[in-house]
Amino acid sequence: MRIENIILNIVKNLYNNNKLVINLTKLSNWSTCVYDNKKHLMTKTLQFQTKRSRINNTIIIYLLSKIYKNLMTKNSCTTRELYYGDTILFKHSNTVRKALIDICCLLGTKSWELGITLSSSGLVAGNLMIYMSNGTSLDCSCTTEGLQIPQDILEIDNLESKAKYILIIEKNASFQKIINEGLLNTNKCTFIMITGKGFPDINTRLFVKQLSCKLNLPILALVDANPFGIEIMCVYRFGSNSMVHQNEMLCVPSIKWLGVYPTDIVSLNLPSITLTNLDQERLKSLLKRSYINSNHKLLQQVLMLHNLNRKSEIESLTTFTQTYLTEVYIKKKILTQDFI
């Protein structure tokens, strides 16, 4: 077993007074990463030379012991439980998440194969029945606020829906507004709606992947016309840099961008504000990515954002009427099939 081999190697190095080194094979950054069969690898080395690296190594060895115990006993735990197992060592729950990504690279496996239950903050609503392997079911049409996406996506046995589209919505506020305005109740265009409440967690991304594979419906993304909105759409569609090694199981390249487009800021005269320094940095990052540069329409929107130096949000569409988003914008996009 890989974990046993890693620990044995560490023990041997300590016994022989050798330097304790852990090498992680990871994919390279956005500037050189190409989304095809070519894999641009780099090696991250953890050593016991500095205080920081000693802490990192301790965290990895600690988590490996917990993972090993889960796998041997066929039990599971959550990332939250791991964090509260030693808050002094981790200091922040995000430390656990980052370390688990390194461990996945070290073991060459997926995070959901480590005996760790993935927590989910995402919500789902609309024409969808979810049947779990334990016999329970979830009716996503019987909700006025959205149901929490199941914690164990891999335990979903079957999905049934008469929907015509799956709509991913960036923010919970917009998700709730669309539900309240009755878009899910329209007969001509039924939806399954999902929100990851900002940047999606692994569970939400796995759920979207399952819907894509099992229902084979068009999937549309509604995000803010700003660098971080575009980034969120790209995470669902192309994957994330930190989890490139798992993107094949998480990304859905068939997702289309419904809006809001940077060009809408001009064509619809939407209220907008100047990009911040943080926005500019993210914009520069987007322009380095191969999947942006290889898609002309997507590139043009990102360049428009850069040239305008301004951004707008989904909520800006209420400038016309409170229901413009659901009554006009989304329906017109569906009718004209105006997606990127």
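Throughout this description, residue numbers start from 1 for each chain and increase along the sequence as written. pLDDT decides what is reported in this predicted model: residues at 70 or higher carry local features, side-chain atom pairs at 80 or more are listed and counted, and totals for whole chains, interfaces and linings draw on all residues regardless. With hydrogens and water excluded, all non-hydrogen atoms of the structure serve as input to the side-chain values.

Participant: For the overall build of the chain, give the residues involved together with the corresponding values.
Facilitator: Only DSSP runs of H or I reaching four residues or more are called helices, and only runs of E reaching two or more are called strands; each is numbered from the N terminus. When its secondary structure is counted, the chain shows 14 helices and 15 strands. Burial here depends on accessible area, computed with a 1.4 Å probe over protein chains only, as a share of the maximum for the residue type. Under 20% is buried, over 50% is exposed, and the range in between is partly exposed. Within the span of the chain, comprising 340 residues, buried residues form 49% of the whole. We call two residues in contact whenever any of their non-hydrogen atoms come within 4.5 Å of each other. In the chain, of all internal contacts separated by at least 6 residues, the share reaching a separation of at least 24 is 74%. Throughout, the Shrake-Rupley method with a 1.4 Å probe supplies accessible areas, and for residues the shown protein chains are the sole cover considered. For the chain, the accessible surface area stands at approximately 17,000 Å², while carbon and sulfur atoms represent 52% of it.

Participant: Which residues make up the nonpolar core, and what values go with them?
Facilitator: The biggest cluster of nonpolar side chains holds 46 residues, and the ones touching the most others in it are L128, I192, F207 and L211. Ignoring anything within four residues of it in the chain, the contact list for L128 reads L138, D139, C140, S141, L159, E160, S161, I192, F207, L211 and L215. In this description, a nonpolar core means a group of buried Ala, Val, Leu, Ile, Met, Phe, Trp, Tyr and Cys residues linked to one another through side-chain atoms lying within 4.5 Å. In terms of nonpolar packing, the next biggest core, distinct from the first, is built from 27 residues, L123, I169, M193 and I265 among them.

Participant: Can you lay out empty space enclosed by the protein for me, pointing to particular residues and giving the numbers?
Facilitator: Here a cavity means grid points, on a 1 Å grid over the protein atoms only, where a 1.4 Å probe fits yet cannot get out; a pocket means an open set of points with protein on both sides within 12 Å along at least five of seven lines; lining residues are those with an atom within 4 Å of a point. Grid points are joined across faces, edges and corners, and a volume is the space filled by probe spheres set on the points. Going through the model one piece at a time under the given rule, you end up with 1 cavity of 30 Å³ or more. Approximately 40 Å³ is the volume attributed to the largest cavity. Along its surface, the largest cavity is lined by S174, K177, I314, E315, L317, T318 and L325. Classifying every residue of the lining of the largest cavity gives 3 nonpolar, 2 polar and 2 charged. Polar here means any residue other than Ala, Val, Leu, Ile, Met, Phe, Trp, Tyr, Cys and Pro, which are nonpolar, and Asp, Glu, Lys and Arg, which are charged; Gly is therefore polar.

Participant: Lay out the sheet that holds strand 10 (residues 165-169) with the relevant residues and their values.
Facilitator: Criterion used throughout: strands pair if DSSP finds at least two bridges between them. Pairing in this open sheet of 6 strands is mixed, and the strands run 8-5-11-10-12-13 from one edge to the other. Two strands close off the open sheet at either side, each with one partner strand: strand 8 (147-148) and strand 13 (256-259). As paired strands, strand 10 and strand 11 (residues 191-195) are joined by 5 bridges and run parallel to one another. Paired with I169 across the two strands is T195, which belongs to strand 11. Lying over the sheet, helix 14 (residues 324-336) contacts strand 10, strand 11, strand 12 (219-222) and strand 13, oriented at roughly 145° with respect to strand 13. Here the axes come from fitting lines to C-alpha atoms, over the contacting stretch only for helices, and the angles between their N-to-C directions go from 0 to 180 degrees.

Participant: I'd like a description of the packing of aromatic side chains, backed by residues and values.
Facilitator: The pairing test for Phe, Tyr and Trp rings, Trp by its six-membered ring, is centres within 6.5 Å, and the orientation test on the planes gives stacked under 30 degrees, edge-to-face over 60, and tilted for anything in between. Counted under the stated rule, the structure contains 6 aromatic pairs. Residues W257 and Y261 carry aromatic rings whose centres are separated by 5.0 Å and whose planes lie at 80° to one another, so their mutual orientation is edge-to-face. Judged by relative accessible area, which is 0%, W257 ranks as buried.

Participant: Describe the environment of A99, listing the residues and the values that go with them.
Facilitator: Along the chain, A99 turns up in helix 5 (residues 93-107). In this structure, the C-alpha to C-alpha distance between A99 and I60, residues 39 residues apart in sequence, is 6.3 Å.

Participant: How would you explain the pattern of salt bridges if you had to name every residue and give the values?
Facilitator: Salt-bridge detection follows one rule: a side-chain nitrogen of Lys or Arg within 4 Å of a carboxyl oxygen of Asp or Glu. If you walk through the whole model with that rule in mind, you get 10 salt bridges. Here K171 makes a salt bridge to D224, at a shortest N to O gap of 3.0 Å. With a gap of 53 residues between them, K171 in the loop between strand 10 and helix 6 (172-180) and D224 in the loop between strand 12 and helix 8 (227-238) connect regions that are remote in the sequence. One exposure class covers both K171 and D224, and it is buried. When the shortest N-O distance is used, the salt bridge between E315 and K171 registers 2.9 Å. Here the residue E315 occupies a position in the loop between strand 15 (310-311) and helix 14, and K171 occupies one in the loop between strand 10 and helix 6, the gap between them amounting to 144 residues. On the basis of relative accessibility, which here comes to 30%, the residue E315 falls in the partly exposed class. Judged by its relative accessible area of 18%, K171 falls in the buried class. In this structure, a network of salt bridges that share partners links the residues K171, D224, E313 and E315.

Participant: Residue-level account of the sheet that holds strand 6 (residues 129-132), with values.
Facilitator: Across the sheet, which stays open at both edges, the 3 strands sit in the order 7-6-9 with antiparallel pairing between neighbours. Of all the strands in the sheet, just strand 7 (137-139) and strand 9 (156-160) have a single pairing partner and so form its edges. Taking the axes of each pair of neighbouring strands and ignoring which way they run, one obtains an average angle of 15° across the sheet. Where strand 6 and strand 9 come together, 4 bridges link them in antiparallel fashion. Bridging across to strand 9, M129 finds its partner in E160. The strands touched by helix 7 (residues 202-215) within the sheet are strand 6 and strand 9, with strand 9 carrying the most contacts at an inclination of about 60°.

Participant: Now, about helix 1 (residues 2-15): what can you tell me, with residues and values included?
Facilitator: Look at helix 1: 20 Å from first C-alpha to last across 14 residues, which is about the 20 Å you get at 1.5 Å a residue. Taken together, the buried positions of helix 1 are I3, I6, I10 and N13. Along the axis of helix 1, the buried positions cluster into a sector of 95°, meaning they face one direction only. Turned more than 90 degrees off the buried face of helix 1, the exposed positions are N5, L8, K12 and Y15. A positive backbone phi angle near 55° is found at N17, which sits one or two residues after helix 1. For a helix, the expected span equals 1.5 Å multiplied by the residue count minus one. Think of the arc as the fan of directions from the helix axis to the C-beta atoms.

Spatial relationships are all this shows, so hold off on functional conclusions.
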